[in-house]
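Descriptive analysis of the structure
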Amino acid sequence: MKSIKIILTVMLFSGSVSLFAQPQGGQGGQKLPTAEEAIKKMDADKDGKLSKAEVKGPLKDDFTKIDTDKDGFLSLDELKKAPKPERKKPTE
(Lines give C-alpha, C1' and ligand atoms only; values in the text may rest on other atoms or scores of the structure.)
Protein backbone atom coordinates (compact mmCIF):
# COMPACT_ATOMS: atom_id res chain seq x y z
CA MET A 1 0.00 0.00 0.00
CA LYS A 2 2.84 2.34 0.89
CA SER A 3 4.51 1.73 -2.49
CA ILE A 4 1.27 2.60 -4.30
CA LYS A 5 1.13 5.93 -2.46
CA ILE A 6 4.73 6.65 -3.42
CA ILE A 7 4.09 5.78 -7.06
CA LEU A 8 0.95 7.95 -7.14
CA THR A 9 2.81 10.83 -5.50
CA VAL A 10 5.64 10.61 -8.05
CA MET A 11 3.14 10.47 -10.94
CA LEU A 12 1.21 13.43 -9.58
CA PHE A 13 4.39 15.45 -9.06
CA SER A 14 5.78 14.69 -12.53
CA GLY A 15 2.45 15.62 -14.11
CA SER A 16 2.29 18.94 -12.28
CA VAL A 17 5.86 19.79 -13.28
CA SER A 18 5.01 19.31 -16.94
CA LEU A 19 2.04 21.66 -16.58
CA PHE A 20 4.34 24.49 -15.52
CA ALA A 21 7.10 23.84 -18.07
CA GLN A 22 7.74 26.66 -20.52
CA PRO A 23 6.64 25.92 -24.08
CA GLN A 24 9.34 25.51 -26.72
CA GLY A 25 9.51 27.63 -29.86
CA GLY A 26 8.65 31.24 -30.66
CA GLN A 27 6.34 33.67 -28.96
CA GLY A 28 3.43 32.07 -27.16
CA GLY A 29 5.03 28.67 -27.57
CA GLN A 30 4.53 28.68 -31.31
CA LYS A 31 7.42 27.83 -33.59
CA LEU A 32 8.28 30.70 -35.92
CA PRO A 33 7.42 29.84 -39.53
CA THR A 34 10.18 29.55 -42.12
CA ALA A 35 10.28 32.09 -44.95
CA GLU A 36 8.76 29.48 -47.27
CA GLU A 37 5.95 28.73 -44.80
CA ALA A 38 5.20 32.45 -44.36
CA ILE A 39 4.84 32.97 -48.12
CA LYS A 40 2.75 29.83 -48.54
CA LYS A 41 0.43 30.88 -45.71
CA MET A 42 0.02 34.59 -46.52
CA ASP A 43 0.49 34.87 -50.32
CA ALA A 44 -3.16 35.40 -51.23
CA ASP A 45 -2.56 36.06 -54.95
CA LYS A 46 0.03 33.23 -55.24
CA ASP A 47 2.65 35.41 -56.96
CA GLY A 48 5.47 34.12 -54.76
CA LYS A 49 5.97 37.35 -52.84
CA LEU A 50 4.10 39.25 -50.14
CA SER A 51 2.57 42.70 -50.47
CA LYS A 52 1.94 44.87 -47.43
CA ALA A 53 -1.78 44.08 -47.73
CA GLU A 54 -1.04 40.34 -47.47
CA VAL A 55 1.17 40.37 -44.37
CA LYS A 56 0.25 40.63 -40.71
CA GLY A 57 1.90 40.70 -37.32
CA PRO A 58 5.61 41.54 -36.97
CA LEU A 59 6.08 41.35 -40.76
CA LYS A 60 3.56 44.13 -41.27
CA ASP A 61 5.15 46.24 -38.53
CA ASP A 62 8.63 45.88 -40.04
CA PHE A 63 7.62 45.71 -43.71
CA THR A 64 9.68 48.70 -44.91
CA LYS A 65 12.72 47.49 -42.96
CA ILE A 66 12.49 43.98 -44.46
CA ASP A 67 11.74 45.23 -48.02
CA THR A 68 15.40 45.98 -48.72
CA ASP A 69 14.98 46.55 -52.47
CA LYS A 70 12.03 48.90 -51.82
CA ASP A 71 9.82 47.33 -54.51
CA GLY A 72 6.78 47.12 -52.22
CA PHE A 73 6.97 43.33 -51.87
CA LEU A 74 8.74 40.88 -49.57
CA SER A 75 10.57 38.21 -51.55
CA LEU A 76 11.67 34.83 -50.27
CA ASP A 77 15.26 36.09 -50.14
CA GLU A 78 14.26 39.19 -48.14
CA LEU A 79 12.26 37.07 -45.69
CA LYS A 80 15.20 34.70 -45.21
CA LYS A 81 17.46 37.65 -44.39
CA ALA A 82 14.92 39.39 -42.14
CA PRO A 83 15.82 39.74 -38.45
CA LYS A 84 13.91 37.38 -36.19
CA PRO A 85 11.35 39.09 -33.94
CA GLU A 86 12.52 39.51 -30.36
CA ARG A 87 10.88 37.32 -27.76
CA LYS A 88 8.81 39.05 -25.17
CA LYS A 89 10.43 38.79 -21.77
CA PRO A 90 8.29 36.96 -19.21
CA THR A 91 6.64 39.17 -16.66
CA GLU A 92 7.14 38.28 -13.04
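For the structure itself, look to the data block above.
Our subject in this report is the structure included herewith. (Residues numbered from 1 in each chain as written. Predicted model: local features only at pLDDT ≥ 70, side-chain atom pairs only at ≥ 80, totals over all residues. Heavy atoms only, no water.)

Quick look at the overall build of the protein chain
Counting secondary structure elements, the protein chain contains five helices and two strands. For the protein chain, the α and β elements follow one another from N to C terminus as α-α-β-α-α-β-α. Contacts in the protein chain between residues at least 24 apart in sequence constitute 30% of all its contacts with a sequence separation of at least 6. Carbon together with sulfur atoms contributes 61% to the accessible area of the protein chain, which is approximately 7800 Å² in total. (Helix = DSSP H or I, 4+ residues; strand = E, 2+ residues; numbered from the N terminus. Contact = heavy atoms within 4.5 Å. Areas by Shrake-Rupley, 256 points an atom, 1.4 Å probe, with all protein chains shown as cover.)

Some remarks on the nonpolar core
With 12 residues, the main nonpolar core is built from Ala 35, Ala 38, Ile 39, Met 42, Leu 50, Val 55, Leu 59, Phe 63, Ile 66, Leu 74, Leu 79 and Ala 82. Elements with a contribution of two residues or more to this core: helix 2 (35-42) and helix 4 (63-66). Looking at this core element by element, the count peaks at four residues for helix 2. Discounting chain neighbours no more than four positions away, the residues touching Phe 63 are Leu 50, Ser 51, Lys 52, Val 55, Gly 72, Phe 73 and Leu 74. (Core = buried A, V, L, I, M, F, W, Y, C linked by side-chain atoms within 4.5 Å. Buried < 20%, exposed > 50% of the residue type's maximum accessible area, 1.4 Å probe, protein only.)

Considerations on helix 2
Residues separated by three or four positions in an α-helix point in the same direction, a consequence of the helix having 3.6 residues per turn. Within the span of helix 2, buried status applies to Ala 35, Ala 38, Ile 39 and Met 42. Projected down its long axis, helix 2 shows its buried positions confined to an angular sector of 95°, all on one face. Exposed and facing more than 90 degrees away from the buried side of helix 2 are Lys 40 and Lys 41. Residues of helix 2 that are buried in the fold lie against strand 1 (50-51), helix 3 (58-61) and helix 5 (76-81). (Arc of directions from axis to C-beta.)

Quick notes on unusual backbone geometry
As a rule of thumb, non-glycine residues mostly have phi less than zero, and peptide bonds are mostly trans rather than cis. Located in the positive-phi region is Lys 46, a residue other than glycine, with phi close to 55°. With respect to the helices and strands, the residue Lys 46 is situated in the loop between helix 2 and strand 1. Since its relative accessible area comes to 64%, Lys 46 is described here as exposed. Even without being a glycine, Lys 70 presents a positive backbone phi close to 55°. Mapped onto the elements of the fold, Lys 70 is located in the loop between helix 4 and strand 2 (73-74).

Regarding the packing of aromatic side chains
Using the criterion set out here, one finds zero aromatic pairs in the structure. Between the NZ or CZ atom of Lys 49 and the centre of the ring of Phe 73, over which it lies, the distance is 4.4 Å. (Phe/Tyr/Trp six-rings, centres within 6.5 Å; stacked < 30°, edge-to-face > 60°. Lys NZ or Arg CZ within 6 Å of the ring centre and 35° of its normal.)

Overview of the pattern of salt bridges
Taken as a whole and judged by the stated rule, the model has three salt bridges. Two residues, Asp 77 and Lys 81, come together in a salt bridge whose shortest N-O distance is 3.2 Å. One end of the pair is Asp 77 and the other is Lys 81, both in helix 5 and four residues apart, which spans about a single turn. (Salt bridge = Lys/Arg side-chain N within 4 Å of Asp/Glu carboxyl O.)

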